[in-house]
Amino acid sequence: MFKKKPQLKPYTVVRSSDRRKIAQSIIDEFHPPLPQSQDTESTLTELRNSLLPDEASSAKFTTSLGPNLDTVAGTIYFGVHAGDAKKRPLWVKLEGYMLPTVYTLWKNPKLLPLLHTHQSVMEKLYTGADLMIPGLIGPPFPAGAAKGKLVAIASSKSPTVALAVGIAEIDVSELSKVVGEKGKAVRILHWYGDEIWSLGGSGGEAPEKVDFGDDEEVVREEKEEEKVEEGNVEQKVESGMEKLTVEYKEGQGEEKEGEIAEGSKSEDTKQGEAEPAPEKELTTKDIDAAFVHAALYGIHSHIAKKSNTSLQFPITSSVFISNFVLPFLPPPSHFNAETGSMCIVHPSLQLKKTSWKNAAKFLKQLDKDKLIKSKTRGGGEVVVQDIDWSDDRVKNFTPYKLPIPAPADEHSGLSGGGQKSGAPAPAGPLRVLELYKPSSSIFPILGAVKAERKEFYTSQKLRSLLTAYLETETETVPTNKRLVKVNPVIADSLLNSSREDTEILSQGVVKRDLLAERFVQACSPYYVVLRPGEEYPNGGLKPHAGPPPKVTVLLESKRMKNTTKVTGLEAFKIDLQEFREELKRVCAGSTSVSQVQGSSPKNPLMEVMVQGAHEKAVKDAVVERGVPGKCVVVVDKRGGNKAKGSGPKEG
């Protein structure tokens, strides 16, 4: 229901008298167990506070409901539970129901009858799907799970933690079996991760376990968890689920790159100490000459290393600047041998301080000097089409001393450039290997071809396993080799009750391509990021759950100022501090590294920000770090000031 964010009206504080009335009506409706105490009045007060705490607030909202997206209105009640520092959404009043959120159920676990399902089914519920009868674990079932009543749902992985709330569509408590049954068991209204849950802000992660006391039903579910994992009912876990597309959140890595803030502070301090005095600021003429000499040095260096033969043209302006110019800018000692530092590039040497002000005009000047050949593409982008490697100025160039990197900081573990010691940037493109972990619904097919159930497979390997099964266990239609006859295992594992599949079952034949697509879709996606030289499964690499990560380049405009923000770099093992310094040089603007607003403090998502709109330069810098272009997404949110569409674009 709450897949889309509800439209909230301003918050209002709930009066104490109204709060007590609402809490008492909840007690009368749900009959929660009373805390043990000899004082009846204090017991009721304690129970009311656990259901709807003091200083609660409310907000009316509207949202869309049903297949026709009918607009409905309701009220959300917010409060701060004991032991929690944040205000969370605790109750939702809608359609005549007073609906407890998962936050409330984690504090009051016995408030609703608790049903259980498999983890693979729970993942589908997170997308807004309803719970079908075959997805239930049982019987027996709680006595209160009657038709039209609110029920909570937990997974077999964490049987005490409610992760969804819905209305029972049938008398679940009367079911004597679930295998082979059809129909909807629970209509899901709210789940962990939906827009109501997200109103609780950061720190709202589900607990690993909730104390149920001596509840025999839940204790039984905990003991049966191992049996579920072993697959006693694996063949029917998803056979009754409606066809769904599972949606995942993107761009979230599971690995932290280290104490970035500390490294940032150390480096900024060192740079500040090394900066020359203001009176030593270079003139524009000196800065222009330094950039031209750096370009000559860069071309000369590529010839000396014989790396010029492997270049592919055209070269973007950002790539040329970052490879042929910036690494060859001189230190302060080049201009003042007595007092100048050798550890950094002279602070005055910034592209925006040249007479050209930007890379495009600088390249046009080099073209005018016949050092390179450039071209202006559509949209104003300037690229380098060729370099004159035989130019006399390059042949006769005399190299000068370049900045000497500062020694590593013993406390921060970072070198002067911001790179983590022992974690060099990849010397080549990264590879993102997409893997799939089979769900229990296709275990019968894997068993027939003697394949491991808990192994990770590529999509190509999965298709070959299915082909092996079809060749040995099914019959091909003689007149059309692309069709095979449906057997009971295929019907249970890969087909459902949709109109398309019902027609397939009536005909008794199905396309091989459709089965291959369903076979891959029946698996959970995983991925592994491989550095150059790394291979999977060798090397001890552990796959991460979810689809391949994305690096998001976000362009925003606030108060007439453009900014470019980059998130998702951690998943590709990119050092954020070093990347910040690179953007500072390439884009000639101020940069910063900070935590994304709203991300979890326990597993923060970091972003690198640079002032100005630098879509092309930033994207090229990400790709140069080895990130595949298909894993880079550009989102332009600059409103009327932007030149391109606002939708995300994948590279």
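Starting from 1, residues in each chain are numbered consecutively following that chain's sequence as written. Only residues with pLDDT of at least 70 are given local features in this predicted model, and only at 80 or more are side-chain atom pairs given and counted; all residues enter the totals for whole chains, interfaces and linings. With hydrogens and water set aside, each side-chain value is computed from the structure's full complement of heavy atoms.

On to the overall build of the protein, then. Each helix is a run of DSSP H or I of at least 4 residues and each strand a run of E of at least 2, with the numbering of both proceeding from the N terminus. Looking only at helices and strands, one finds 18 helices and 25 strands in the protein. Counting every position in the protein, which comprises 651 residues, the buried fraction comes to 47%. As displayed, the protein offers around 33,600 Å² of accessible surface, 49% of which is attributable to carbon and sulfur atoms. Buried, partly exposed and exposed residues are distinguished by accessible area as a fraction of the type maximum, computed with a 1.4 Å probe on protein chains only: under 20%, between the cut-offs, and over 50%, respectively. We get accessible surface area from the Shrake-Rupley algorithm with a probe of 1.4 Å; when it comes to residues, only the shown protein chains can shield them.

On to helix H16 (residues 512-521), then. With seven of 10 residues buried, H16 lies mostly within the body of the structure. Buried residues of H16: Arg 512, Leu 514, Leu 515, Ala 516, Arg 518, Phe 519 and Val 520, and no others.

This part is about the packing of helix H9 (residues 317-325) against helix H10 (residues 359-368). Structural elements are reduced to axes, namely lines fitted to C-alpha atoms, with helices fitted over the stretch in contact, and the angle between N-to-C directions of any two is expressed from 0 to 180 degrees. As a packed pair, H9 and H10 sit with axes 10 Å apart at the nearest point and diverge in direction by 70 degrees. As judged from the angle between their axes, H9 and H10 are roughly perpendicular. Between H9 and H10 lies a crossing of left-handed hand. Where H9 abuts H10, its residues Ser 317, Phe 320, Ile 321 and Val 325 lie against Ala 359, Phe 362, Leu 363 and Leu 366. Oblique is the label for any angle not under 35 degrees, not over 145, and not in the 65 to 115 range, which are roughly parallel, roughly antiparallel and roughly perpendicular in turn. Here is the rule for handedness: rotate from the far helix to the near one, and if that takes an anticlockwise turn smaller than a right angle the crossing is left-handed, while a clockwise turn gives right-handed. The contact rule is simple, with two residues in contact once any of their heavy atoms fall within 4.5 Å.

With that settled, the discussion passes to the packing of aromatic side chains. Note on aromatic pairs: the rings of Phe, Tyr and Trp (six-membered ring only in Trp) are paired at centre separations within 6.5 Å, and the planes decide the class, stacked below 30 degrees, edge-to-face beyond 60, tilted for the rest. A complete count under the given rule lists 14 aromatic pairs for this structure. Pairwise contacts between aromatic rings join Tyr 103, Trp 106, Tyr 126, Tyr 192 and Trp 197 into one cluster.

This part is about the nonpolar core. In terms of nonpolar packing, the biggest core is built from 63 residues, with Trp 91 and Leu 136 touching the most fellow members. Not counting residues up to four positions away in its chain, the partners in contact with Leu 136 are Leu 115, His 116, Leu 131, Phe 141, Val 172, Leu 175, Val 178 and Ala 185. Of all hydrophobic cores here, the second largest spans 62 residues; its members include Leu 349, Val 382, Phe 397 and Tyr 527. The definition of a nonpolar core used throughout is a set of buried Ala, Val, Leu, Ile, Met, Phe, Trp, Tyr and Cys residues joined through side-chain atoms within 4.5 Å.

Turning our eyes to something else, we now look at the packing of H9 against helix H18 (residues 615-624). Two numbers describe a pair of packed helices, the interaxial angle and the distance between the axes. The geometry of H9 relative to H18 is characterised by a closest axis approach of 8 Å and an angle of 60 degrees between their N-to-C directions. When the axis of H9 is compared with that of H18, the two are oblique. As for how H9 packs across H18, the hand of that crossing is right-handed. Residues Ser 318, Val 319, Ser 322 and Asn 323 of H9 pack against Lys 616, Ala 617, Asp 620 and Glu 624 of H18.

For this document, the term salt bridge refers to a Lys or Arg side-chain nitrogen within 4 Å of an Asp or Glu carboxyl oxygen. Within the structure shown, the criterion is met by 17 salt bridges. Close ionic contact of Glu 556 with Lys 565 constitutes a salt bridge, the shortest N to O distance being 3.2 Å. With relative accessibility at 15%, the residue Glu 556 sits in the buried group. Its salt-bridge partner being Glu 581, residue Arg 580 comes within 2.8 Å of it at the nearest N-O pair. For Arg 580, a relative accessible area of 4% translates into the label buried. Of the residues examined, Glu 581 reaches a relative accessible area of 7% and is grouped as buried. Here the salt bridges do not stand alone but share partners, grouping Glu 500, Asp 501 and Arg 518 into one network.

A word on the sheet that holds strand S19 (residues 544-545). Pairing between strands requires that DSSP locate at least two bridges from one strand to the other. Pairing is antiparallel across the open sheet formed by three strands, whose spatial order is S15-S18-S19. In this open sheet, the two edge strands, each paired with only one partner strand, are strand S15 (431-438) and S19. Where strand S18 (residues 523-530) meets S19, two bridges bridge the pair, whose relative direction is antiparallel. Within S19, the position partnered with Tyr 526 by the bridge is Ala 545.

Turning our attention to unusual backbone geometry. The linkage connecting Gly 138 with the following residue, Pro 139, adopts the cis geometry, with an omega of -5 degrees. Structurally, the position occupied by Pro 139 is in the loop between strand S8 (131-132) and strand S9 (150-155). Residue Lys 370 is not a glycine yet carries a positive backbone phi of 60 degrees. Along the polypeptide, Lys 370 turns up in the loop between H10 and strand S13 (372-376).

This next bit is on the pairing of strand S6 (residues 97-100). As paired elements, strand S5 (residues 88-94) and S6 share four bridges and run antiparallel to each other. Residue pairing in the sheet places Lys 93 in a bridge with Met 98 of S6. Once S5 ends, the chain turns through two residues before running back antiparallel as S6, passing Glu 95 with a positive phi of about 55 degrees.

This paragraph deals with the sheet that holds S13. As summarised here, the arrangement of the three strands in space is S12-S14-S13, forming an open sheet in which the pairing is antiparallel. Edge positions in the sheet fall to strand S12 (315-316) and S13, since each of these pairs with one other strand and no more. Pairing analysis gives two bridges linking S12 to strand S14 (residues 382-387), with the strands arranged antiparallel. Residue pairing across strands places Ile 315 opposite Val 384, the latter belonging to S14. On top of the sheet, H10 reaches S13 and S14; it is set at about 135 degrees to S13, its chief contact.

A few words on helix H1 (residues 16-30). A helix is expected to span 1.5 Å for every residue after the first. For H1, with 15 residues, the first-to-last C-alpha span of 21 Å sits near the 21 Å given by 1.5 Å per residue. Looking only at H1, the buried set comprises Arg 19, Ile 22, Ala 23, Ile 26, Ile 27 and Phe 30. Buried residues in H1, looked at end-on, bunch into an arc of 140 degrees, giving them a common side. Following H1 by one or two positions, His 31 has its phi on the positive side, about 50 degrees. This arc corresponds to the set of directions leading from the helix axis out to the C-beta atoms.

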